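Here is what each chain is made of, one letter per residue.
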Amino acid sequence: MTVYFIGAGPGDPELITVKGQRLVRSCPVILYAGSLVPPAVLDGHRAHQVVDTAPLDLDAIVTLLAQAHRRGEDVARLHSGDPALYGAIGEQIRRLRVLGIPYDIVPGVTATAASAATLGVELTLPSVSQTVILTRFAAKTDMPPGETLGELARHRATLAIHLGVRHLARIIDEVLPFYGADCPVAIVYRASWPDERKVVGTLGDIVARTAGLGLERTSLILIGRVLGCEDFTESTLYRGAASAADRS
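Residues numbered from 1 in each chain as written. Predicted model: local features only at pLDDT ≥ 70, side-chain atom pairs only at ≥ 80, totals over all residues. Heavy atoms only, no water.

As annotated in an unreviewed UniProt entry, the chain carries the name Precorrin-4 C11-methyltransferase and is attributed to Chitinasiproducens palmae. In its Pathway (unreviewed entry) section, UniProt records this for the chain: "Cofactor biosynthesis; adenosylcobalamin biosynthesis." According to its UniProt record, the chain has this under Sequence similarities (unreviewed entry): "Belongs to the precorrin methyltransferase family." (UniProt positions renumbered as here; feature names shortened; annotations may be inferred.)

As structure tokens, this is what we get:
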């Protein structure tokens with residue numbers, strides 16, 4: 001058997017990959033993070049055991065995986081977005097390795113990609129930003145050395161900040177000296193879900209724009225000059241024949 005860590009995507013059931021959907025519909029056991037993965041992602045399944053792991057701790061989850069292993073049954077272990085990003089699969093994998101249980105990872109569409117799509121922007125524009133930094137706000141868990149928001153903001157790259165909207169004012173204070181008050185920022189709440197909301201502004205006014213909206217931890221903060229930018233250099237990819245050498 002194999003435990004498949006599957007990226008269920010950001011929320012829209014149609015944004016799961018073809019491979020992920022096939023495994024959901026064929027695995028006899030499904031474990032899914034019910035607080036973040038919509039039930040519609042499970043449509044068409046034929047599993048005899050379906051467990052919402054939201055109320056379970058790590059020990060209970062690993063016990064279920066070990067039981068499926070003893071029965072020789074594949075497990076579809078669904079996480080929101082891409083499981084390799086803030087999916088807490090590392091601790092599960094570490095336990096599976098000790099137990100000798102095979103696993104595989106199936107990538108998924110990230111919240112960052114879904115947010116860029118709903119905003120209608122490209123996150124890497126020539127001459128503006130060619131780097132995207134995915135990070136989180138240090139609340140309950142400290143950041144490793146060199147990864148504070150202030151240190152990352154020094155690069156002035158496009159920032160995608162997870163798990164931080166409740167601390168928006170503190171985030172703005174840390175990045176403002178590097179990006180400037182006029183730098184565009186967008187907050188996307190539950191990207192690709194039916195109740196998706198987005199607020200666009202600048203570092204100087206985004207706190208006021210979001211006041212009283214009740215945006216929660218399932219929001220992504222995007223900061224960078226690429227948002228709404230029209231003044232950027234065209235890439236060499238689609239230039240004329242004179243630039244063919246650039247593409248070779």
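Caption draft 1: Broad picture of helix α6 (residues 168-179). The end-to-end C-alpha distance of α6 is 15 Å, a good match for the 16 Å that 12 residues give at a rise of 1.5 Å each. By the burial criterion, the buried members of α6 are Leu168, Ile171, Ile172, Val175, Phe178 and Tyr179. The buried residues of α6 occupy one face: seen down the axis, they fall within an arc of 120°. Along α6, exposed side chains directed more than 90 degrees from the buried face belong to Asp173 and Pro177. Tucked inside the fold, the buried residues of α6 contact α5 (149-153), β7 (158-162), β8 (184-189), α7 (206-210) and β10 (219-223). Looking one or two residues beyond α6, the residue adopting positive phi is Gly180, at roughly 90°. (Helix = DSSP H or I, 4+ residues; strand = E, 2+ residues; numbered from the N terminus. Expected span 1.5 Å × (residues − 1). Buried < 20%, exposed > 50% of the residue type's maximum accessible area, 1.4 Å probe, protein only. Arc of directions from axis to C-beta. Contact = heavy atoms within 4.5 Å.)

Caption draft 2: Looking closely at the nonpolar core. Ranked by internal contacts, the top residues of the largest apolar core, which has 25 residues, are Leu159, Val175, Tyr179, Leu203, Ile221 and Ile223. If you list the elements that add at least two residues to this core, you get α5, β7, α6, β8 and β10. Ranked by the residues each element gives to this core, the list is headed by α6, at six residues. Excluding residues that lie within four positions of it along the chain, Tyr179 makes contacts with Ala153, Arg156, Ala157, Leu159, Leu203, Ile223 and Arg225. Core analysis: the second largest hydrophobic core is formed by 17 residues, Val24, Tyr32, Ala33 and Val41 among them. (Core = buried A, V, L, I, M, F, W, Y, C linked by side-chain atoms within 4.5 Å.)

Caption draft 3: Representation of the packing of aromatic side chains within the structure. On inspection of all chains with the given rule, the structure shows one aromatic pair. Sitting over the ring of Trp193, Arg190 keeps its end group 3.9 Å from the ring centre. Taking the ring centre of Tyr189 as reference, the NZ or CZ of Arg197 above it sits at 5.3 Å. (Phe/Tyr/Trp six-rings, centres within 6.5 Å; stacked < 30°, edge-to-face > 60°. Lys NZ or Arg CZ within 6 Å of the ring centre and 35° of its normal.)

Caption draft 4: Region of the structure containing the pattern of salt bridges. Overall, the coordinates contain six salt bridges when judged by the stated rule. Here Arg225 makes a salt bridge to Asp182, at a shortest N to O gap of 2.9 Å. With a gap of 43 residues between them, Arg225 in the loop between β10 and α8 (244-247) and Asp182 in the loop between α6 and β8 connect regions that are remote in the sequence. Here Arg225 falls in the partly exposed class, since its relative accessible area comes to 37%. Residue classification places Asp182 among the exposed positions, given a relative accessible area of 51%. (Salt bridge = Lys/Arg side-chain N within 4 Å of Asp/Glu carboxyl O.)

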